[in-house]
Amino acid sequence: MQYLDEQFWKRIKIWEDVSLENWQNWKWQIANRLTSLLPLRNVLNISKQEEIAFEKTADIFHFGTTPYYLSLIKDFKDRQNPIRKQIFPSLEELDEEVQKLGSLDPFLEDKMPSIQGITHRYPDRVLFRATNFCSVYCRHCMRKRMFLEEERARTKEEYEEMFEYIKKNKNIKEVLISGGDPLTLPNKKLEFILDNLYKIDHIDIIRIGSRELVVNPYRFFDERLLELFDRYDKVWIVTHFNHPDEVTDITKKAVKLILSTGTPVLNQTVLLKGINDDEKTIETLMRDLLRTKIKPYYLFFCDPVKGVLHFRTDLEKGIKIMDYLRGRLSGLGIPIYAVDLEGGLGKVPIFPQYLIEKGKSHATFRNFENKIVKIFF
Ligand code: SF4
């Protein structure tokens, strides 16, 4: 976890005059997003290679970050910094193999039979894509394709069609509002969405998938948003921390505010080569999440998205990490390691092997210390 100095942003020249009031305002963070290298040239020690990567990737995926997220980079000279690597383009994205292996929509979200904005993959759940805007562009994003279109929230009419679809399909119990990032929407629009979903009786859970807690935690300092969470008590937040440097004392404050409304917070991590693919980093991340009262939920094998596969580890790496966590970390902190199957065929969990063999009246297990234990029944 990073403990940030008071007014930590002032170490960065371009923000040295920004007041606490502005810095802590989530709208200021979005309005002052950085979308080009220009203001950063003097700060970030940009290499020639990075300059070329910025130029060459500009048409396929934008660069964008909130000032807060960028300011979490501990050492601006370090090109291997895990936050820098999540937002800075690299030439590896353009590598022929990386481009060839992936697809822009590996889970066929745009092709599922439903309507525009809704992906109905599992019988009891739908994905509700509320906007294609995010305050940060993550290089490993599984929905990179949507940023190629004009960034916008959906219109009222489009939302109404989406509500109608959910209303008609009574087997839908859970709606995952995602995007882009739905918590970048203004409160009024969010209220309109939540209000309409809340009125559909067969919906039990409204899950909001958002990275704002990671990249703009000040979003949750907004009392009006907290009132909405309090009122619409079917809401769960699912966020996306990938590295311990992203968890800060400000995260902790924000989570405390969310929890005060009775809204649970879960986390999904993506296993990313060169960013978090080692046992200690994942262990520290899971501990930090627990400290802030965020429940680790999934650890995903990196999705086969075009331009992302340089982040992919081998499958075995994740199994080794899961094996390492078992016995070192309480069950509360252990996520489910999973692969999302291409073609929209769903997620499958993968576990280290603990059951070694099983007979009619006995079973042999391996424990976390590799001790072999036989039990009889
Ligand atoms: S915040 Fe989420 S949807 Fe937006 S770019 Fe990052 S991973 Fe993709």
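Note that the structure is a prediction, hence the values are computed from the model and not measured. (Residues numbered from 1 in each chain as written. Predicted model: local features only at pLDDT ≥ 70, side-chain atom pairs only at ≥ 80, totals over all residues.)

Turning our attention to the sheet that holds strand S7 (residues 295-300). Reading across from one edge, S1-S2-S3-S4-S5-S6-S7-S8-S9 is the order of the 9 strands in this open sheet, with mixed pairing throughout. Edge positions in the sheet fall to strand S1 (118-122) and strand S9 (346-349), since each of these pairs with one other strand and no more. Strand-to-strand, the axes of this sheet are offset by a mean angle of 30°, without reference to chain direction. Sheet analysis places strand S4 (residues 205-209) next to strand S5 (residues 235-239), joined by 4 bridges and oriented parallel. The partner of Ile206 across the bridge, within S5, is Val235. (Pairing = 2+ DSSP bridges. Helix = DSSP H or I, 4+ residues; strand = E, 2+ residues; numbered from the N terminus. Axes fitted to C-alpha atoms, helices over the stretch in contact; angles between N-to-C directions.)

The next thing to look at is helix H14 (residues 315-325). Residues spaced three or four apart along an α-helix face the same direction, because each turn holds 3.6 residues. Of the positions making up H14, those classed as buried are Gly318, Ile321, Met322 and Leu325. When H14 is viewed along its axis, its buried side chains cluster within an angular range of 100° and face the same direction. On its buried face, H14 is in contact with helix H13 (279-291), S7 and strand S8 (336-341). A positive phi of about 95° marks Gly327, the residue just after H14. (Buried ≥ 20, exposed ≤ 12 C-beta atoms within 10 Å, placed from the backbone. Arc of directions from axis to C-beta. Contact = placed C-beta atoms within 7 Å.)

Right, let's get into the nonpolar core. Phe128 and Val175 are the most contacted members of the largest nonpolar core, which totals 68 residues. Contact partners of Phe128, with chain neighbours within four places excluded, come to Gly117, Ile118, Met162, Val175, Leu176, Ile177 and Ser178. (Core = buried A, V, L, I, M, F, W, Y, C linked by C-beta atoms within 7 Å.)

Attention now goes to the packing of helix H9 (residues 187-198) against helix H11 (residues 223-231). Remark: H9 packs on H11, axes separated minimally by 10 Å, with the N-to-C direction vectors making an angle of 5°. One element, H9, and the other, H11, form an angle in the roughly parallel class. Along its contact with H9, which presents Asn187, Leu190, Glu191 and Leu194, the element H11 presents Arg224, Leu225 and Leu228. Looking at the contact of H9 with H11 residue by residue, the class counts come to 4 nonpolar, 1 polar and 2 charged. (Parallel < 35°, antiparallel > 145°, perpendicular 65-115°, else oblique. Nonpolar A, V, L, I, M, F, W, Y, C, P; charged D, E, K, R; others polar.)

Now for the pairing of S7. Across 5 bridges, strand S6 (residues 265-270) lies against S7 in parallel orientation. Looking across to S7, one finds that Asn267 is bridged to Pro296. Viewed along the sheet, the connection from S6 through H13 into S7 turns out right-handed. (Right-handed = clockwise from strand over helix to strand, strands pointing away.)

The next thing to look at is the site of the ligand. Near the ligand the following residues occur: Cys134, Val136, Tyr137, Cys138, Cys141, Arg143, Gly179, Gly180, Asp181 and Arg211. In terms of residue class, the shell around the ligand is built from 5 nonpolar, 2 polar and 3 charged. (Near = placed C-beta within 6 Å.)

Read from one edge of the open sheet, 3 strands run S10-S11-S12, paired in antiparallel fashion. For this open sheet the edge positions go to strand S10 (355-358) and strand S12 (372-376), each flanked by a neighbour on one side alone. Shown here is a sheet whose adjacent strand axes are inclined to one another by a mean of 20°, direction ignored.

A word on unusual backbone geometry. In this model, Gly179 is joined to Gly180 through a cis peptide bond whose omega is 15°. With respect to the helices, strands and loops of the structure, Gly180 is situated in the loop between strand S3 (174-178) and H9. Positive phi is not limited to glycine here, since Asn45 has a value of about 55°. Tracing the backbone shows Asn45 in the loop between helix H3 (41-44) and helix H4 (48-57). For Asn45, a count of 13 C-beta atoms within 10 Å translates into the label partly exposed. Positive phi, close to 65°, is recorded for Asn370, a residue that is not glycine. As for its placement among the helices and strands, Asn370 is situated in the loop between strand S11 (362-366) and S12. On the basis of neighbour counts, which here come to 7 C-beta atoms within 10 Å, the residue Asn370 falls in the exposed class.

As a measure of interface size, the accessible area lost when the parts come together is often cited. When its domains are assigned, the protein chain resolves into domain 1 (8-95) and domain 2 (99-351). Here domain 1 and domain 2 have C-alpha centroids that lie 23 Å from each other. Listed as interface residues are 27 residues of domain 1 and, on the opposing side, 26 residues of domain 2. Broken down by secondary-structure element, the contributors of at least two residues to the side of domain 1 that touches domain 2 are helix H2 (26-31), helix H5 (67-71) and helix H6 (82-87). Of the residues forming the side of domain 1 that touches domain 2, the biggest block, 5 residues, is contributed by H6. (Domains from an automatic or database assignment.)

Here we take up H13. Helix length check: H13, at 13 residues, gives a terminal C-alpha distance of 18 Å against a target of 18 Å (1.5 Å per residue), a fit within 8%. When we look at burial in H13, the residues that qualify are Ile282, Leu285, Met286, Asp288 and Leu289. Along H13, the residues classed as buried sweep out an arc of 160° about the axis, all on the same side. (Expected span 1.5 Å × (residues − 1).)

In this section: the environment of Lys360. Considering the arrangement of structural elements, one finds Lys360 in the loop between S10 and S11. In sequence terms Lys360 and Phe377 are 17 residues apart; their C-alpha atoms lie 8.5 Å from each other.

We now examine the pairing of S10. Bridge count between S10 and S11: 3 bridges; the pairing is antiparallel. Bridge pairing links Lys358 to Ala363 in S11. The antiparallel hairpin formed by S10 and S11 contains 3 residues in its connecting segment.

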